Amino acid sequence: MNRYSDEDLGNTQYFKVTPDEESGVRKVLEVVYEALSKKGYDPVNQIVGYIMSGDPTYITNYMGARSLIMKVERDELVEEILESYIENNGWNRHE
């Protein structure tokens, strides 16, 4: 059963993350990246694996990285990564 009507699918939803959430997510990503690097993993591949699957075993327990990343919603991780990418590429962001 489809829980969305055709009218719902014709509209774009608005989503905004507050600055406090962004800085917390950024710190989580920094710690997780560092932990994965120190354990010899490719941090990008492991974080992508976690985001795509939701399987926390992609993230090491070292430095508490696994429990830390599980405190953040995966969509918040994607948002932070995309915001950083846009910022680092000098793209204009429309508020």
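Here the structure is a predicted model, which means the values were calculated and not measured.

> Can you break down a nonpolar patch on the surface residue by residue, with the values?
A cluster of nonpolar side chains, Tyr 33, Val 44, Val 48 and Met 52, forms an exposed patch at the surface whose accessible area comes to about 420 Å². For the nonpolar patch, the leading source of residues is helix 3 (residues 43–53), giving 3 residues. By secondary structure assignment, the location of Tyr 33 is in helix 2 (residues 19–38).

> Any chance you could break down unusual backbone geometry for me, citing the residues and the numbers?
Non-glycine residue Met 63 carries a positive phi angle of around 60°. With respect to the helices and strands, Met 63 occurs in the loop between helix 3 and helix 4 (65–69).

> Break down the side chain of Gln 46 for me, with residues and values.
Here Gln 46 is to be found in helix 3. Engagement of the side chain of Gln 46 in a polar contact is seen with the backbone oxygen of Tyr 58, the distance being 2.8 Å. If sequence neighbours within four positions are ignored, Gln 46 has contacts with Leu 36, Tyr 41, Tyr 58 and Ile 59.

> A description of the environment of Ile 69 should follow, citing residues and the corresponding values.
Its location among the elements puts Ile 69 in helix 4. When its relative accessible area of 0% is taken as the criterion, Ile 69 is described as buried. Counting along the chain gives 13 residues from Ile 69 to Pro 56, while the straight-line C-alpha distance between them is 8.2 Å.

> Explain the nonpolar core to me, and be specific about the residues and the numbers.
Core analysis: the biggest nonpolar cluster contains 14 residues, and Val 32, Ile 47, Tyr 50, Ile 59, Ile 69 and Leu 77 have the highest contact counts within it. Elements with a minimum of two residues in this core: helix 2, helix 3 and helix 4. Broken down by element, this core gets its largest block of residues, 6 residues, from helix 2. The contact partners of Ile 59, leaving out residues within four places of it in the chain, are Val 32, Leu 36, Gln 46, Ile 47, Tyr 50, Ala 65, Arg 66 and Ile 69.

Thresholds, definitions, all that
- Residues numbered from 1 in each chain as written.
- Predicted model: local features only at pLDDT ≥ 70, side-chain atom pairs only at ≥ 80, totals over all residues.
- Heavy atoms only, no water.
- Patch = residues over 30% accessible without salt bridge, like charges linked within 9 Å, V, L, I, M, F, W, Y side chains within 5 Å.
- Areas by Shrake-Rupley, 256 points an atom, 1.4 Å probe, with all protein chains shown as cover.
- Salt bridge = Lys/Arg side-chain N within 4 Å of Asp/Glu carboxyl O.
- Helix = DSSP H or I, 4+ residues; strand = E, 2+ residues; numbered from the N terminus.
- Polar contact = N/O pair within 3.5 Å; in protein donor to acceptor, adjacent residues only side chain to side chain.
- Contact = heavy atoms within 4.5 Å.
- Buried < 20%, exposed > 50% of the residue type's maximum accessible area, 1.4 Å probe, protein only.
- Core = buried A, V, L, I, M, F, W, Y, C linked by side-chain atoms within 4.5 Å.

All quantities given are derived from atomic positions and should not be read as evidence of function.
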